[in-house]
Structures are given as C-alpha cells and as structure tokens.
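Residue-level listing of the chains:
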Amino acid sequence: HHDLKPANILLTDDGKPMLLDFNAAVDTKRYEGAKIAWVAGTLPYMAPEQLIALAGTATPVDARCDLYAFGVILFEFLTGRYPFAFRHPDLNLMFERTMKDRRGAPPSLRKANPTVSPALEAIVRRCLEPDPERRYQTARELHADLERQHTHQPLLHIAEPSRKERLHKWARRHPRVISAGIVMVFAAILLTATGALSMVRGHHLDQWQRQERDRVQQQE
C-alpha cells in the first residue's frame, strides 16, 4: 500500500475497516520477489528504510514498510500518542535525529497505557522493529498473532513475554477445568478443616476424660 495511516482507514456503519487510497500501492503478485525501488507515503508513518530512500540513498523498500506503518497506527490507537519524538521530520534539518529516534529500541506501550497486555505490546513492538528482517515478514503472520491474542491463544510468531499472561490465556480457554479445580480445592480445604476440627475435638474429649477420671479417683 505504501501509505497506511489513520486518514486512509474508514469504518463502515457495522464497524468493518476499509482501506482507501491505493495511488501508491504496488501489485505484489505482479512483482513477487522484487524489491520496490521507489518511495511514497506520509512521513510520520514511514518505516526507516522509506525515509532513507526518500533522502536519496538507494535502499530496498518492500511490503514490510506497511507492517511498520500499521504498528505506528496500533501504538497511537492503544496509547493516544505518537511513538516517536519527531512526528513531522524535516529531511533537511532533522533527518539524522529522526533516524536515530526510529533506529532505537521500539517504545514501550505499557508505560503509556498499563492496561495493554505484555503480549499485545510485543506484537506492536515487533511491527516497529527498525530492521525489516526483525519485523513480521508478512501481513498473514501479523494477522495470525492478532487473532491468537484475541482468542486467548499463545502467540505463534513471537515468544510470549509473560508467563502470567500465558497462564491467564490457558485459564480463559479452559473455564470448566478451572471451575472443577476450584471446586476440588474448596473440597480439599473443607475436608482438611473438618479433619483438623475433629482432631481438636478428640483431643479436648480425651483431656476431659482424663480430668474426670482424676477427679473420681481423688473422691475415692
């Protein structure tokens, strides 16, 4: 597409997203396996390789730049702010600072929005990797992990960053097992408490019986 941005995504009345403006798009089936040599897009949503090519350096640009732009959109959607310091880079005055900004480690979503889960943050950060080889390699891979996250499945193309969230996903997928486990734990606790109470009562009964025998012997 080469120009993913919020202005090019509209929602229908029933909530389905529609992608617009294919003026800069390239037919990947027609040019399968080829590196796209020309550049188009909107600066705040351009991948680092697009900015380098735009500045005049011969750099291969392919469909993975769309995944980067989608990562920027997701970051804004989840946090309400732009992920980098320079939203409108000036290629003449601030290009080096802009590139340094985007070549660093992808920003943390959870600092801006703690309700974002570790797995969802990992998905977005994978999209924002400055090196195209470290991003999702296809939109299908990204879709698969987003779908698995939505259905509480372990991620497929990146490692789960949180054991706690992985356990939580398992629990969401197996509510009956969890319910049965809770019942079993409660029953075990009840049985343990009942046994302990019986032991205490038995101890007190033995003690009372000994005291009663001692009292009868003293009276004799």
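Let us look at the structure shown here. Values in this document were obtained by computation on a predicted structure and should not be read as measured data.

Comments concerning the side chain of E129
With respect to the helices and strands, the residue E129 is situated in the loop between α5 (118-127) and α6 (139-150). Polar contacts involving the side chain of E129 include one to the side chain of R134, which spans 3.5 Å. In contact with E129, not counting residues within four places along its chain, are Y68, P106, R134 and R135.

Brief notes about the nonpolar core
Most often, soluble globular proteins keep nonpolar side chains buried together rather than apart. In this structure, Y68, V72, V124 and L128 are the most contacted members of the largest nonpolar core, which totals 18 residues. Of the residues forming this core, the biggest block, seven residues, is contributed by helix α2 (residues 64-79). Excluding anything up to four places from it in sequence, V124 contacts G71, L74, F75, L78 and L109. With nine residues, the next largest nonpolar core counts A119, A122, Y136 and L142 among its residues.

Focus on α5
Buried residues of α5: A119, E121, A122, I123, V124 and C127, and no others. In this fold, the buried residues of α5 make contact with α2, α4 (109-112), α6 and α7 (163-173).

Let's talk about the packing of α2 against α5
One can describe the packing of α2 onto α5 by two numbers: an axis separation of 7 Å at closest approach and a directional angle of 140°. Relative to α5, the element α2 is oriented oblique. In this structure, α2 crosses over α5, and the sense of that crossing is left-handed. Contacts between α2 and α5 involve L67, Y68, G71, L74, F75 and L78 on the former and, on the latter, L120, V124 and C127.

Some remarks on the environment of L51
If you trace the backbone, L51 turns up in helix α1 (residues 48-54). Taking the relative accessible area as the measure of exposure, L51 reaches 0% and is therefore buried. For the pair L51 and M99, spaced 48 residues apart in the sequence, the C-alpha separation amounts to 7.9 Å.

Here we look at the packing of aromatic side chains
One pass over the structure, following the stated rule, counts two aromatic pairs. Ring geometry for Y68 against F84: centres 6.4 Å apart, planes inclined by 0°, an arrangement best described as stacked. Of the two residues, Y68 is situated in helix α2 and F84 in the loop between α2 and α3 (95-103); the sequence distance between them amounts to 16 residues. The exposure class of F84 is buried, given its relative accessible area of 8%. With a centroid separation of 5.9 Å and an interplanar angle of 75°, the aromatic rings of Y82 and F84 are classed as edge-to-face. On the accessibility criterion, Y82 (9% relative accessible area) is buried. The structure contains a cluster of three or more aromatic residues connected by ring pairs, namely Y68, Y82 and F84.

Examining the packing of α5 against α6
With their axes 10 Å apart at the nearest point, α5 and α6 run at an angle of 170° to one another. Viewed along their axes, α5 and α6 adopt a mutual orientation that is roughly antiparallel. Where α5 crosses over α6, the handedness of that crossing is left-handed. Facing A119, L120, I123 and C127 of α5, the residues of α6 in contact are L142, D145, L146 and Q149.

About the cut-offs
- Residues numbered from 1 in each chain as written.
- Predicted model: local features only at pLDDT ≥ 70, side-chain atom pairs only at ≥ 80, totals over all residues.
- Heavy atoms only, no water.
- Helix = DSSP H or I, 4+ residues; strand = E, 2+ residues; numbered from the N terminus.
- Polar contact = N/O pair within 3.5 Å; in protein donor to acceptor, adjacent residues only side chain to side chain.
- Contact = heavy atoms within 4.5 Å.
- Core = buried A, V, L, I, M, F, W, Y, C linked by side-chain atoms within 4.5 Å.
- Buried < 20%, exposed > 50% of the residue type's maximum accessible area, 1.4 Å probe, protein only.
- Axes fitted to C-alpha atoms, helices over the stretch in contact; angles between N-to-C directions.
- Parallel < 35°, antiparallel > 145°, perpendicular 65-115°, else oblique.
- Left-handed = near helix turned anticlockwise from the far one by under 90°.
- Phe/Tyr/Trp six-rings, centres within 6.5 Å; stacked < 30°, edge-to-face > 60°.

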